[in-house]
Amino acid sequence: MASMPTRIDGELFEAASAAGQVQYDEVDGHAQAAIRASWDEDIAARIDGLDFTKHLEASGHRWAEADDDGDVVIHESASKPA
């Protein structure tokens, strides 16, 4: 059986976990911290990639969001409510 790498990041953990080689609870605290950091980065990247504008515009309803200064901006949909 091949030995696990000494550095376990999110991708390595996912691969090892999928292969049944390691469980999150079985790795030490430093490896768990690295895994959580990797998960946090993945989640942040997915959140940054979200764009609901098309869906909101198609809904026919108004929506609000905060601008860069934290002020509320109300958007009007060009569509009629369904």
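Everything in this summary refers to the structure shown in the same document. (Residues numbered from 1 in each chain as written. Predicted model: local features only at pLDDT ≥ 70, side-chain atom pairs only at ≥ 80, totals over all residues. Heavy atoms only, no water.)

## What to know about the pattern of salt bridges
For the coordinates displayed, the defined rule picks out 1 salt bridge. The partner of Arg 62 in a salt bridge is Glu 76, and the shortest N-O contact between them spans 3.6 Å. In this pair, Arg 62 is assigned in the loop between α3 (53-59) and β1 (63-66) and Glu 76 in the segment after β2 (72-75), connecting sequence segments 14 residues apart. Accessibility expressed as a relative area gives 54% for Glu 76, which makes it exposed. (Salt bridge = Lys/Arg side-chain N within 4 Å of Asp/Glu carboxyl O. Helix = DSSP H or I, 4+ residues; strand = E, 2+ residues; numbered from the N terminus. Buried < 20%, exposed > 50% of the residue type's maximum accessible area, 1.4 Å probe, protein only.)

## Regarding a nonpolar patch on the surface
A cluster of nonpolar side chains, contributed by Ile 43, Ile 47, Leu 50 and Phe 52, occupies part of the molecular surface with about 420 Å² of accessible area. Positionally, Phe 52 belongs in the loop between α2 (29-48) and α3. (Patch = residues over 30% accessible without salt bridge, like charges linked within 9 Å, V, L, I, M, F, W, Y side chains within 5 Å. Areas by Shrake-Rupley, 256 points an atom, 1.4 Å probe, with all protein chains shown as cover.)

## Quick notes on the side chain of Ser 77
By secondary structure assignment, the location of Ser 77 is in the segment after β2. Look at Ser 77 and you get buried, because its relative accessible area is 14%. A polar contact of 2.4 Å, which involves the side chain of Ser 77, links it to the backbone oxygen of Glu 57. Within the structure, the side chain of Ser 77 is placed 3.3 Å from the backbone nitrogen of Gly 60, a separation counted as a polar contact. Dropping the residues within four chain positions of it, Ser 77 is found in contact with Leu 56, Glu 57, Gly 60, His 61 and Trp 63. (Polar contact = N/O pair within 3.5 Å; in protein donor to acceptor, adjacent residues only side chain to side chain. Contact = heavy atoms within 4.5 Å.)

## Remarks on the pairing of β1
When β1 meets β2, the two strands line up antiparallel, connected through 4 bridges. Counterpart to Ala 66 in the pairing with β2 is Val 72. Counting the residues in the hairpin turn of β1 and β2 gives 5 residues, including Gly 70, whose phi is positive at 90°. (Pairing = 2+ DSSP bridges.)

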